[in-house]
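Here is what each chain is made of, one letter per residue.
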Amino acid sequence: MFKYVIKRLLLLIFVVIGITLFIYLILSAAPGDPAQLILGMDATAEDIAALRAQLGLDKPVLIQYINYIGKVLKGDFGTSWLSGYNVYQEFLRRLPNTIALGTLAMMFAVLLGIPLGIVAAIRQNSIVDYLSLALAVILFSLPAFWFGLISQLFFCLRLGWLPASGVGTFKHFILPALTLGANVLASQLRMTRTSMLDVIKQDYIRTARAKGASERRVVLKHALRNSMLPVVTQVGISYASCMGGSVVTESVFSIPGIGSLLINAVKSRDIPVVMGTIIFVAVFVGIINLLVDLLYAYIDPRVKFAE
Amino acid sequence: MKKIVSLSLAICLLMLAATGIVLAGKDTLTIGTGVEATKFFPINPTGTNNNDYAIALTNLYDTLVKLNAKGEIEPALATSYSVSADGLCYTFTLREGVKFHDGSLMTADDVVFSLNKSAPLASGKALLINFDRAEKVDAKTVKVYLTAPYSGFINGIASRVGMIVSKKHYDKVGDAGYEAKPIGTGPYKLVSVVNGDTLTLEAFDQYWGGAPAIKKVYVKLIPDTATQIIALENGDIDLLMSPPISSCLMLDTRKGVKWVYGPSAGRVTMHLSTNKGTPGHDDLNFRRAVQSAVNKQDIIIGAMEGYATQIDIDMCPTYSGHPEGYKVVGYDVKKAKEYLAASKYKGEEFQILVQSGTIYEMVAQIVQAQLMEIGINCTVNAVDSATFTDLWYAGKFGAMIRNTNSSLLDADGFLNFYMATDYAPTNNNQHPRTKEIYDIGLEARKAQGEARKELYRKAVDIVTDEAYAVPIFASTNTLAYNSNLQGVEVHPLGTLHLLKLSWK
């Protein structure tokens, strides 16, 4: 297993190089000259040319990329072209907000979605099943910005229970986590239900029942563990996507996280910030995926890693 | 599984604990804004972005004279000033006993250093027009010499490029150091900046104009406009910068919050391209058809809920040097159709470039509908700000709609679209008569009083005759705030003077 982990981590280096090269090429091809954006409309052609040379933008794209990666390998992620902050430190400062938001959202989705999915499966075609289906459809089809806004109106303005924006206390994270988790909850619920239905129709479940095992034991001991593999995969993917993909939620609730950092940097063509953030997110997603794969072996001992 | 759940719960709680900020009480003020201030040294060679609108610069620094909320010049670091008869020399008498945030006294050397350093920078060249040099006469007198007279010059001194910095501090720390630890003579000191989150200002009790009533100010970044309004109603913030008019109108029915509006230094204008390959190229009839087909009142009602002033030249009525008796082309569909019939237009795409997600995108959509009504195949190209700038500077549009601010609040601002020298926005957007308009503009810079207004009238009449631009409305600035807050005034540059604010 140790060998497998090392192999996967080495593979991650190539994944990161591939992703960063791809992003760098796209950014270079996108309209908008960073030097012009930094200096503003009053800048003369000479001012702009001088800044382009200073930022290395006058060199061919591939050379720019190689120079950048060279610095990254030495641990220098650079500073923001626009605001001058250190990219690495800024990322570390914002990471706790995004992790807190993502983790709370996932906990909400998993702790509600999986049990509801199990109940819906074992009580198939009952009122609980139909209600859970309705809940999943509603949560899945609500756009995050709308759900966020409506929850702000209700919980912040009408009831006055929760703050509408920013970070600081646990209360600040409740609504954003519900908003971000709503969609994941819906997919967890449906995924668990489908997976459970597949498993409880298997022969060994019938055998367990025939042997006189209690319904509780059949569900929790025999069915649940076997139905968890696809659910765990889904949890891993959703958690990883929370890292870079919670842009809308972070924007609606004014959370200074990774998503808002990335989106603002893309808008202002702040290449060091975009690249640095992408590298961190890619590594994080790679590690989450690896952990999910390792978790497979724990859930299903039949899974073996190719060494 | 249990272990995993409890571990993630523990991590999550730890993270939450690590992100604490102090919440503002009522002896403090929390401001919500959608625009983040990123630069705090007004004369940084790498630019200051759109810091006209940033609350930080306005309150950290002072200028020799300042522009008040009514758009008038009033004394600040200079108690008085005089202009020589030939308009080439401005003499400023400095206020005594003014202190920088580090406790040191402001001197004539600081003033001379600040202005001489600012003028050659990109923003200095644009705002300190005709500036030659600043010289110290004695400890309390500074003279500023111009290469040619320019009657709007004093507004440049009152703008961000005229902010006075400490020479001693600069000599010690340089550009980057000043940016990191800004020191001004303004009523507030910069305490901390948390990117993407909160900027904290603290009252400077030794301020020459008296200690500010509000001791701490938190400026919170809230990008989403709907969240901004909820945060204000909820009490998360006490004051909101520049909310859209439509949001303000909703506040009319709410208790505990108020909103105010006033004229802005910005005007929204549609600029037509005469570049080759665009419908406006070498086709005055087409451009006139567009000019006559735009119903400005409908746009003002549709996009601004009626809270804006229609303009017929590319200047706000509040600008100094604003001419009178200029030509006006009104809304006339019949005439527009006649012009279009007489034009070379054969149904080609006429693309309006606009920045997406702004109120101007809505303006563009209304214009699109109005132009389609007379048979123009009009499309809207709404793009992000970086792409917008790129396409605009490259001259790749049929028409372009934007809000242009004049930091000088002066008629001269309109020349930005008719520059015959090296200037990024106009390098690829030259009209056949740009040089003629530019030359009149240069002459107007030297002229005074009525003669100056007459020159601007001539210049804007060429723009109207040639239909190079369709000016639509002078913008409106807004502020929404907790009704217990007093002294709230809308500033034409969209900024806010915190010194005037206090709690009831």
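Analysis parameters
- Residues numbered from 1 in each chain as written.
- Chains lettered and ligands numbered in written order.
- Predicted model: local features only at pLDDT ≥ 70, side-chain atom pairs only at ≥ 80, totals over all residues.
- Heavy atoms only, no water.
- Core = buried A, V, L, I, M, F, W, Y, C linked by side-chain atoms within 4.5 Å.
- Buried < 20%, exposed > 50% of the residue type's maximum accessible area, 1.4 Å probe, protein only.
- Pairing = 2+ DSSP bridges.
- Helix = DSSP H or I, 4+ residues; strand = E, 2+ residues; numbered from the N terminus.
- Axes fitted to C-alpha atoms, helices over the stretch in contact; angles between N-to-C directions.
- Contact = heavy atoms within 4.5 Å.
- Salt bridge = Lys/Arg side-chain N within 4 Å of Asp/Glu carboxyl O.

Novice: Hey, could you run me through the nonpolar core in this one?
Specialist: Within soluble globular proteins, side chains that are nonpolar tend to cluster in buried spots. Core analysis: the largest hydrophobic core is formed by 88 residues, its most contacted members being Tyr 68, Phe 77, Met 228, Val 274 and Met 275 of chain A. Among the nonpolar cores identified, the runner-up in size contains 69 residues, and Leu 115, Ile 214, Leu 408 and Trp 503 of chain B belong to it.

Novice: In this structure, what is going on with the sheet that holds strand β7 (residues 141-146) of chain B? I would like to understand it.
Specialist: Two pairing modes exist for strands in a sheet, parallel and antiparallel, and in both the strands are linked by backbone hydrogen bonds. All names here are of chain B. Read from one edge to the other, the open sheet built from 4 strands follows the order β4-β5-β7-β6, with strand pairing classed as antiparallel. The sheet terminates laterally at β4 (78-83) and β6 (131-138), the two strands that pair on one side only. Strand-to-strand twist across the sheet, computed as the mean angle between neighbouring axes with direction ignored, equals 20°. Bridge count between strand β5 (residues 89-94) and β7: 5 bridges; the pairing is antiparallel. The residue of β7 that forms the bridge with Phe 92 is Val 142. Helix-sheet contacts for helix α3 (residues 108-118) involve β5, β6 and β7, and the interaxial angle to β6 is about 175°.

Novice: Whenever I open this one, the pattern of salt bridges confuses me. Can you help?
Specialist: Close approach of charged atoms allows side chains of opposite charge to pair. Within this structure, the stated rule accounts for 31 salt bridges over all chains. Across the salt bridge formed by Asp 129 of chain A and Arg 193 of chain A, the nearest N and O atoms sit 2.7 Å from each other. Note that Asp 129 of chain A is positioned in helix α6 (residues 127-141) and Arg 193 of chain A in helix α8 (residues 170-200), a separation of 64 residues in sequence. For the pair formed by Asp 129 of chain A and Arg 193 of chain A, the shared burial category is buried. The residue Lys 117 of chain B makes a salt bridge to Asp 175 of chain B at a minimum N-O spacing of 3.2 Å. Remark: Asp 175 of chain B occurs in helix α6 (residues 167-180) and Lys 117 of chain B occurs in helix α3; sequence separation between them is 58 residues. Lys 117 of chain B sits in the buried class, given a relative accessible area of 16%. Residue Asp 175 of chain B is classed as partly exposed on the basis of its relative accessible area of 23%.

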